[in-house]
Each structure stands twice: as structure tokens, then as C-alpha cells.
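Chain residues, written in single-letter form:
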Amino acid sequence: MKVHFKIKRFNPEKDKKSYWGEYDVEAEESDRVLDALQTVKWEIDGTLNFRRSCAHGICGSDAMRINGRNSLACKLLIRDAVQGGKIVVEPILGLPVIKDLIVDMEPFFAHYRAVMPYLINDTEPGERERLQSPEERARFDDSTKCILCACCTTSCPSFWVRGDYVGPAAIVQAHRFIFDSRDQGAAKRLDVLGEPEGVWRCRTVFNCSEVCPRDIQVTQAIGEVKAALITGRID
Ligand code: SF4
Ligand code: F3S
Ligand code: FES
């Protein structure tokens, strides 16, 4: 099938503002949007820029806004993306555009680092590793699936309005450790998330849950962190 692509282009070295690049691509219905973008780059216009690495939904590097909805280009099939023969591709919103579909991820990763996304426990683990029951492991299983693609944070209206909002991805990462029975850093993370730019900026819009390519219950995780802040309990 022939698909008409409208791709938002911007090269800071020569463009004063962004513009639409338009390309007709021959694609199979079962191709991914990433395949078609690669066809544009390799066969039509080599100046097109976008990030991708694994091409299999693992690395999280090709998040983009496709027909108005954040997706990983390598997971979205042409047949599911195309609307009236057209696919519109833009960079994810709320982060500075570096070039074409590539955004500066540093503000996103600064929020990630702020929640201390690593195990905090200064006690000696003993002769064996720190043990955990299957039930204790299951408590935070969903949030371990995050690949830090930023689809959630950059689809959140609260983040668009205030980029200092820590955002759903960072809260999911905090959730992964707050509810881990082996971790002792929950109080520190809850201090960060209880600040004005923390979880209370979430207005339960649910965009984050709807776009997560790993099907993480993002809004539920945020709700559990809010509950921990209110009750002081992390069970
Ligand atoms: Fe991506 Fe989902 Fe992680 Fe958000 S929670 S960064 S959408 S994988
Ligand atoms: Fe934003 Fe998700 Fe909350 S879209 S407002 S973080 S539920
Ligand atoms: Fe790795 Fe799409 S290229 S997730």
C-alpha cells in the first residue's frame, strides 16, 4: 500500500521554525512505522533524523507522536497507525527538539535521577543475597517493566504545562523501589515526591497509562505513591 507521511522537520542550523516534510512510501500493512521511516531516510531523504536502536520495543529510544498519540515507532504497525492513507509523525512534546524527531532527553533523565532509582540499603546482606518472597516481589513487578521511553511523561498535560513536574515515568521508577521489601530509601523518595513538583501535579488524566508500550498501570502506580504519602504506610 502507498502511505503518505507528514513528518515534522527542524534543523537548527538552517531552519527558523519547523515545517512538514511530505513523503509517499510503499509499505506492507504489517510493516512497523519504523520500517517506513527507515525507507524515507535510506531511499528518499537521507537528512531525516530520528533515534532508534533495538527495533524490537526494548530500548525505548524511538518514542514519537504518531497521529497525535505517543508510540514506539518500532511497535506500531502501519495498518494500526494509518488514517485515511496518511501518517503524521512529530517529536514527543514537552522536551526541547534537537533535530527533526530527536528531542533532548536530559530534563527527563534529571527527573529520573531525582527519585534515586536504585536499591538503598546500607545493611550487610549476610551470607546469601537479600531474600524476598514471591508475594513481596509481585508487589512492584509492574513497575519493573519500564524501559524509560518517555511516552508517558511527554503525553501528560501537567508536564506540558510545567516541565518541572517530575512526571509519571520517574514516579513509576520510584514506585519500583519504594515498594521493594529489600529497600530502605522509601522515606527519602517520598520526600522528593511530596514536593510541589512531585506526585500532586498528577491530575489523574490517564494519558500515561493509555500510551505506555509496556502496558504498565502507570496511573495506579502514581495513586499508590500518593496513598503512601497520605497514610505514611508502604504496604
Ligand atoms: Fe515508557 Fe511506560 Fe516507562 Fe512511561 S512507564 S517511560 S511509557 S515504559
Ligand atoms: Fe499526567 Fe498520567 Fe497523572 S497523564 S496527570 S501523570 S494520570
Ligand atoms: Fe528500541 Fe523501538 S528502537 S524500542
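Per chain, the residues get numbers from 1 upward, laid out in the order the sequence is written. Chain letters start at A and ligand numbers start at 1, both assigned in the order the entries are written. Local features in this predicted model are restricted to residues whose pLDDT is 70 or higher, and side-chain atom pairs enter the listing and the counts only when it is 80 or higher, whereas totals over whole chains, interfaces and linings include all residues. To obtain the side-chain values, all non-hydrogen atoms of the structure were used and water was disregarded.

Right, let's talk about the pattern of salt bridges for a bit. Any Lys or Arg side-chain nitrogen located within 4 Å of an Asp or Glu carboxyl oxygen qualifies as a salt bridge. Taken as a whole and judged by the stated rule, the model has 16 salt bridges. Note that Lys-8 is salt-bridged to Glu-90, the shortest N-O span being 3.8 Å. In this pair, Lys-8 is assigned in strand β1 (residues 2-9) and Glu-90 in strand β5 (residues 86-90), connecting sequence segments 82 residues apart. We classify Lys-8 as partly exposed; its relative accessible area is 24%. In this structure, Asp-35 engages Arg-32 in a salt bridge whose closest nitrogen and oxygen atoms are separated by 2.9 Å. Three or more residues joined by partner-sharing salt bridges are found here, namely Lys-8, Arg-65 and Glu-90. Working definition: helices are DSSP H or I runs of at least four residues, strands are E runs of at least two. Numbering for both runs from the N terminus. Burial classes: relative accessible area under 20% of the type maximum marks a residue as buried, over 50% as exposed, and values in between as partly exposed (1.4 Å probe, protein chains only).

Time to look at the environment of Ile-171. Checked against the element boundaries, Ile-171 lands in helix α6 (residues 167-178). With relative accessibility at 0%, the residue Ile-171 sits in the buried group. In contact with Ile-171, not counting residues within four places along its chain, are Tyr-165, Val-166, Leu-193, Val-199, Ile-222 and Val-225. Residues count as neighbours in contact if any of their non-hydrogen atoms are within 4.5 Å of one another.

Around ligand 2, a shell composed of 13 residues is seen, among which Cys-156, Cys-202, Arg-203, Phe-206 and Cys-208 lie nearest. Elements with a contribution of two residues or more to the shell around ligand 2: α8 (207-211) and α9 (218-231). Side-chain classes are defined by residue name, with Ala, Val, Leu, Ile, Met, Phe, Trp, Tyr, Cys and Pro counting as nonpolar, Asp, Glu, Lys and Arg as charged, and the others, Gly among them, as polar. Counted by class, the shell around ligand 2 contains eight nonpolar, four polar and one charged residues. The cutoff for a nearby residue is simple: one of its non-hydrogen atoms must lie within 4 Å of the molecule or strand.

Turning our attention to unusual backbone geometry. Residue Thr-204 is not a glycine yet carries a positive backbone phi of 55 degrees. By secondary structure assignment, the location of Thr-204 is in the loop between α7 (186-193) and α8. Backbone geometry places Asp-215, a non-glycine residue, at a positive phi of 55 degrees. Relative to the helices and strands, Asp-215 is located in the loop between α8 and α9.

Each axis is a line fitted through C-alpha atoms, taken for helices only over the stretch in contact, and angles between the N-to-C directions span 0 to 180 degrees. Two elements in contact, α6 and α7, have axes separated by 10 Å at closest approach and are oriented at 155 degrees. Regarding the angle of α6 to α7, the classification is roughly antiparallel. Here α6 runs over α7; the crossing is left-handed. Across from Ile-171, Ala-174, Phe-177 and Ile-178 in α6, the residues of α7 making contact are Ala-186, Arg-189, Leu-190 and Leu-193. Of the residues in the contact of α6 with α7, the class split is seven nonpolar, no polar and one charged. Orientation labels follow simple angle bins: below 35 degrees gives roughly parallel, above 145 gives roughly antiparallel, 65 to 115 gives roughly perpendicular, and whatever is left gives oblique. The sense of a crossing depends on the near helix, which, turned anticlockwise from the far helix by less than a right angle, makes the crossing left-handed and, turned clockwise, makes it right-handed.

Attention now goes to the side chain of Arg-176. You can see Arg-176 is positioned in helix α6. Note on Arg-176: relative accessible area 17%, which makes it buried. Polar contact is the term for a pair of N or O atoms within 3.5 Å; when the atoms are in protein, one must be able to donate a hydrogen and the other to accept it, and sequence-neighboring residues count only if both atoms are side-chain atoms. A distance of 3.0 Å separates polar atoms of two side chains, one belonging to Arg-176 and the other to Asp-180.

Another aspect to go through is the environment of Asp-100. In this structure, Asp-100 sits in the loop between β6 (97-99) and β7 (102-103). Overall, the relative accessible area of 4% leaves Asp-100 in the buried class. For the pair Asp-100 and Gly-68, spaced 32 residues apart in sequence, the C-alpha to C-alpha distance is 16 Å. Not counting chain neighbours up to four residues away, the residues in contact with Asp-100 comprise Lys-8, Arg-9, Phe-10, Thr-47, Leu-48, Asn-49 and Pro-91. In terms of polar contacts, Asp-100 uses its side chain to reach the side chain of Arg-9, at 3.0 Å.

On to α6. The end-to-end C-alpha separation of α6 is 16 Å, in line with the 16 Å expected for 12 residues at 1.5 Å each. Extensive coverage of α6 is indicated by the burial of 12 of its 12 residues. Within α6 the residues assigned to the buried category are Gly-167, Pro-168, Ala-169, Ala-170, Ile-171, Val-172, Gln-173, Ala-174, His-175, Arg-176, Phe-177 and Ile-178. An expected span of 1.5 Å times one less than the residue number is assigned to each helix.

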